[in-house]
Amino acid sequence: MTMETSEFGPEEIARGETLFKSGCEFVKGVVSLDGLPDDGRPEIAFAGRSNVGKSSLINALTSRKTLARVSVTPGRTRELNFFTLGDLYLVDMPGYGYAKAPKSAVKGWTQLIEDYLKGRRELKRVFLLIDARHGVKPNDRDTMKLMDETAVSYQAVLTKADKPKQSELDAVIAKTAQELAKHPAAYPHILVTSARTGMGSPELRASVAALSPNGVVPLGQAPL
């Protein structure tokens, strides 16, 4: 199995580019559910294991080198970080798995992830980031199972796809597709990306824009 070139046409790709050029600004970091925004704006979230390249990918998508905090130390994102993106919120979730932090802190933000994924009405889709060098890991499966149980729509996004050889990448794509077929809440199309080269960024931007309910905020116009 190989990657599909794109599930989007030129108009959808252009809409995604326009959305991400409309501005993406930090709003707040949330450490407990009572701090979640209450304005009803739809949310799309980026989740994944620590060191999967989540912050680097968000920065690449938004063309902002420091929008999301990048660190060589896994587990530096410890809050639900909310950013405005057109008429959406983009949510940068804490990485799960390995982190150099006290066990109590890791337990706290792991619980925050689980609580957020349980019944958050505004959450329209989770983009689940998976390292293209390694494929789906057990803690990815745990997160997928949780989203299946809570009926949260999610889509797999392979990161660091410039690292493996093409044959290795094709094998990971095929195996990931087999995994997704077992999960009822999973969106079937796999996005294959590289923050370093820009691979897959237009398709991922288009995927986000497709979830925007009221169109794209024009350039220079701040969202309400």
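See above for the structure.
Draft legend 1. Representation of the sheet that holds strand S4 (residues 88–92) in the model. Taken together, seven strands build an open sheet; the order of strands is S1-S3-S4-S2-S5-S6-S7 and the sheet is mixed. The sheet is open, and its two borders are formed by strand S1 (24–30) and strand S7 (186–192), each paired with just one other strand. Taking each pair of neighbouring strands and ignoring which way they run, the sheet shows an average axis angle of 25 degrees. Two strands pair when backbone bridges link them, and strand S2 (residues 43–48) and strand S5 (residues 123–131) are joined in this way by six bridges, in the parallel orientation. In the strand pairing of S5, Ile-44 is matched with Arg-125. Across the sheet, helix H2 (residues 54–62) lies against S1, S2, S4, S5 and strand S6 (154–159), angled at about 140 degrees from S2, the strand it touches most. Contacting S5, S6 and S7, helix H5 (residues 166–180) runs over the sheet at an angle of about 165 degrees to S7.

Draft legend 2. Representation of the pattern of salt bridges within the structure. As enumerated under the stated definition, the model contains 11 salt bridges in all. Its salt-bridge partner being Lys-160, residue Asp-131 comes within 4.0 Å of it at the nearest N-O pair. Placement of the pair is Asp-131 in strand S5 and Lys-160 in the loop between S6 and H5, with a sequence separation of 29 residues. On the basis of relative accessible area, Asp-131 is assigned to the buried category, the value being 3%. In the salt-bridge network here, residues are joined through shared partners; they are Glu-43, Arg-120, Arg-121 and Glu-122.

Draft legend 3. Looking closely at unusual backbone geometry. Phi is positive for Asn-51, which is not a glycine, with a value near 70 degrees. Residue position: Asn-51 is located in the loop between S2 and H2. By relative accessible area, which is 47% here, Asn-51 ends up partly exposed. The residue Ser-63 is not glycine, and still its phi comes out positive at about 55 degrees.

Draft legend 4. A look at helix H6 (residues 201–209). The element H6 is extensively covered by neighbouring structure, given that eight of its nine residues are classed as buried. Along H6, the positions that sit buried rather than exposed are Ser-201, Glu-203, Leu-204, Arg-205, Ala-206, Ser-207, Val-208 and Ala-209.

Criteria and thresholds
Residues numbered from 1 in each chain as written. Predicted model: local features only at pLDDT ≥ 70, side-chain atom pairs only at ≥ 80, totals over all residues. Heavy atoms only, no water. Pairing = 2+ DSSP bridges. Helix = DSSP H or I, 4+ residues; strand = E, 2+ residues; numbered from the N terminus. Axes fitted to C-alpha atoms, helices over the stretch in contact; angles between N-to-C directions. Contact = heavy atoms within 4.5 Å. Salt bridge = Lys/Arg side-chain N within 4 Å of Asp/Glu carboxyl O. Buried < 20%, exposed > 50% of the residue type's maximum accessible area, 1.4 Å probe, protein only.

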